[in-house]
Each structure stands twice: as C-alpha cells, then as structure tokens.
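Fold and geometry: a report
The residues making up each chain are set out below.
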Amino acid sequence: MADEPRFLTVRDFPTESGVVLPEARLAYRTFGSPDAARGAVLVPSHFMAGAADNEWMIGAGLSLDPAEYFIVATELLGNGVSSSPSNTPAPFDGPRFPVTTIRDTVELLRRLLVEELGIPHLTAVVGFSMGAMQAFQIAIGLPGLADRIVALAGTARCYPHGVARLEGQLAALFADPVFAGGEYTEQPAAGMEAFGTVWAAWLYSQQWWRDELWRETDPEATFESTMREFREDFLPGADANDVVLHCRTWQQHDVGTTPGFGGDTRAALASIRVPVLVMPGETDLYFPVVDARFEAEDVPGATFLPIPSLWGHPAGAGASPADQEFVNSAIRRFLAGEPIPEAAPLH
C-alpha cells in the first residue's frame, strides 16, 4: 500500500544540543498520490515506532484514505531507522549521539515536506503519543503549515510526573551492568527485560489488568504469558541506546521552550490558530486525561474528545477494535469539518 521506505538526508545538521551531525537521515513512507483531492496529511511516528505502526488509520474506509489524501508517514529521530545512536558512525555513535529534541525532528519534517516533497501546506497533522508532541510543535513552531491538528493520547509537554515515570523505567535498564553507560558490546538483555517489565504496569489501565483484557487479543493468553511477552519481546530488535534516547527526547519536550515563548507552555498553546482535536485516552497513565484537558483549555480552537477505553495509552493507537472505530470516526469527521457533538465542553 505504501511506497518503500525513503530517506531525507541533510548534511551538517545543527541540533538544539549544539552538536552538528555530519549527516541526519529521516525515514519516511508515502501513501497515495501527491495530487490527492483533499491535500496532504503528515503522520509522525511515536516511541520506538516506524511508519508502518500507524497503518491502522491509513487505508480505504479508514480516516486517512490514500484515495483522498497524500499521506506522509515519518519516523522520529532515534528510532533505529532514522538517524540514531545505533546507526550513526563515530564520533556520534552509541552514547555519544546527541539528545535530539522533538524540535530537531520537526525541523527535518519541514525540510522533507517543503524542500524535498514540495508540499508547502498540509491539510492536517495526525500524531499519536510522541507523534502528538510533534503535531503540537508544528502548530506552534511552524504556524500556517497545517490547517488542522489531531493529538491522540499525547500532550504538548512532558510534565514532571512523566519525567519521573521514565526515570524509573530507565533505572531498570541502567541497573544491568552490561549496559555500561551505553558502552556495551552486546545488548543488555537483562536490562531490556527489566525495562519492559516496568513498562507493562504503566501501558494499560488498572482495570485492563483486573478484567484480564489480554484475552481479547489472545483467548489463550494468561497473566504469566502476557508478562513474559513484555519481558522478552516488548521492543524486538531494539537497541538500548536508541531506547534511552527516545526516553530523553520525550522527557525534554515542552512547546513552551519554542523560541519566542520564554518557557511559557500555556502561552505557546494559546498561540495556536488552527482547529485542534485533542483525544486523550480516558485511562491513559502516560499522558493523563487531566493533563490533556489542562492543555486543551488554553487552545482557542480545541475540541476535547476523550477515548472511552480501558486500554490505557494504546487506546490512542487503536489498541482494540472499538478504539480503532472510535478514533477513526472522530478523525474522519474532524477533517471533514463536521461537528462532534459528543465532545466534552472545555469551559
């Protein structure tokens, strides 16, 4: 359905850390035709994900139909395919790779769209989790680039509770002596297993665990097999330094640190001048619904529509059939400019 993966390559790319990467590569795929009747939609990726991980909303009969839109699905710096600690040569290999920011990736997105693909304007940006962070950053840092923003289970800033959660997960990884400060000669398997185990308790809601909803995707699954999957196969093939980088990128993000806002997150959100559909998961422990509401109240054109799901954070990525239907339906109506009467009032 999509083109084969392609890469934008930028020489001497300056990052916000001050490090200039001799070469920065951004992976992307496209769906549909560049002259699609309803314009172009950007779908940025999330934590340790690739373009294919958003295909649950791309396709005939889904919210992003390639027969109607030209869809550009991109991959966040550090995911192991775009420029990352694991695939960058010395002197920026492994733990020497700079901590890249959401804004670093967004600058590459701008160059990809405007300079490489000749797309000066987007119908929308639709992002889940760290993809939602990129969507908010585009609305604030590149005003006028997109007509609409959809933020699925993600906020414009990583608040202190999120920073603390990620620190706990990283501590589990760092406790493996094989990690060796990122200078490992083989993947720190025990550390990665510990990381996945800690992640498990946060990913879904408490009631998901109580109701044993793992059975909905695998009727033969048990608690033990579910936990084993988190330990042994949570991020198959992932490099530990890439995982660390994505955690640091996540922790650092705040649209308030966009130049011109002096660290004021609320002022940055208030500057958005396009409609924004904010769809937190009602039971999300990563990006809590209260944080999403707090932010949405500062966005002049926000529509606030929580996802009624027990699937926690992954509800925003269509974790269950009901989640997929709810999210796809809302995006479809929002992009068409139709009212969403079930949206919650903000004021």
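Our subject is the structure listed above.
Here the structure is a predicted model, which is why all the values come from computation and not from measurement.

The next thing to look at is the layout of surface pockets. Remark: the empty space left among the atoms is shown by a probe the size of a water molecule rolled over them. The space that makes up the largest pocket amounts to roughly 1,100 Å³. Forming the boundary of the largest pocket are 38 residues, of which Leu203, Tyr204, Phe230, Phe234 and Leu235 lie nearest the centre. Elements that contribute at least two residues to the lining of the largest pocket include exactly helix H4 (189–203), helix H6 (223–233) and helix H7 (240–252). Per element, the largest residue contribution to the lining of the largest pocket is five residues, and it comes from H6. Across the lining of the largest pocket, the residue classes break down as 22 nonpolar, 10 polar and six charged. Its volume calculated, the second largest pocket comes out at about 180 Å³. For the second largest pocket, the lining is made up of 14 residues, of which Met192, Arg231, Glu232, Leu235 and Pro236 are closest to its centre.

The next point concerns the environment of Ala37. Note on placement: Ala37 falls in the loop between strand E2 (20–31) and strand E3 (40–44). Considering only alpha carbons, one finds Ala37 and Phe70, 33 residues apart in sequence, at a separation of 8.5 Å.

Quick look at the packing of aromatic side chains now. This structure, assessed with the given rule, holds 22 aromatic pairs. Between the aromatic rings of Phe47 and Trp199, the centroid separation amounts to 4.8 Å while the plane-to-plane angle is 25°, which identifies the pairing as stacked. With Phe47 in the loop between E3 and strand E4 (70–74) and Trp199 in helix H4, this pair connects stretches of sequence that are 152 residues apart. Overall, the relative accessible area of 3% leaves Trp199 in the buried class. With centroids separated by 6.0 Å and ring planes inclined at 55°, the aromatic side chains of Trp214 and Phe223 adopt a geometry described as tilted. Take Phe223: its relative accessible area is 41%, and that puts it in the partly exposed class. Here the basic side chain of Arg25 rests over the ring of Phe7, its NZ or CZ set 3.9 Å away from the ring centre.

Okay, the sheet that holds strand E6 (residues 149–152) next. Read across the sheet, eight strands follow the order E1-E2-E4-E3-E5-E6-E7-E8 without closing on themselves; strand pairing throughout is mixed. Bordering the open sheet on either side are strand E1 (6–14) and strand E8 (302–304), each of which pairs with just one other strand. Within this sheet the neighbouring strands show an average axis-to-axis angle of 20°, counted without direction. Note that E3 and strand E5 (residues 124–128) share two bridges and pair parallel. When the sheet's bridge partners are listed, Val41 is paired in E5 with Ala124. Against the sheet, helix H9 (residues 289–296) engages strand E7 (276–279) and E8, with an angle of about 155° to E8.

Bringing the packing of H4 against H6 into the picture now. At a closest axis distance of 7 Å, the pairing of H4 and H6 adopts a crossing angle of 135°. By the criterion of interaxial angle, the relationship of H4 to H6 is oblique. The way H4 lies across H6 gives a crossing that is right-handed. Residues Glu193, Gly196, Thr197, Ala200 and Leu203 of H4 touch H6, and the partners they reach there are Met227, Phe230, Arg231 and Glu232. Split by residue class, the contact of H4 with H6 holds four nonpolar, two polar and three charged.

Turning our attention to the packing of H4 against H7. Viewed as axis vectors pointing N to C, H4 and H7 meet at an angle of 40°, and their least axial separation amounts to 11 Å. Taken together, the axis directions place H4 and H7 in an arrangement best described as oblique. Handedness of the H4/H7 crossing: left-handed. Note on element contacts: H7 touches H4 through Ala240, Val243, Cys247 and Trp250, opposite Met192, Phe195 and Trp199. Tallied by class, residues from the contact of H4 with H7 come to seven nonpolar, no polar and no charged.

Thresholds, definitions, all that
Residues numbered from 1 in each chain as written. Predicted model: local features only at pLDDT ≥ 70, side-chain atom pairs only at ≥ 80, totals over all residues. Heavy atoms only, no water. 1 Å grid on protein atoms, 1.4 Å probe; cavity = no way out; pocket = protein on both sides within 12 Å on 5 of 7 lines; lining within 4 Å. Points joined across faces, edges and corners; volume = space filled by probe spheres on them. Helix = DSSP H or I, 4+ residues; strand = E, 2+ residues; numbered from the N terminus. Nonpolar A, V, L, I, M, F, W, Y, C, P; charged D, E, K, R; others polar. Phe/Tyr/Trp six-rings, centres within 6.5 Å; stacked < 30°, edge-to-face > 60°. Buried < 20%, exposed > 50% of the residue type's maximum accessible area, 1.4 Å probe, protein only. Lys NZ or Arg CZ within 6 Å of the ring centre and 35° of its normal. Pairing = 2+ DSSP bridges. Axes fitted to C-alpha atoms, helices over the stretch in contact; angles between N-to-C directions. Contact = heavy atoms within 4.5 Å. Parallel < 35°, antiparallel > 145°, perpendicular 65-115°, else oblique. Left-handed = near helix turned anticlockwise from the far one by under 90°.

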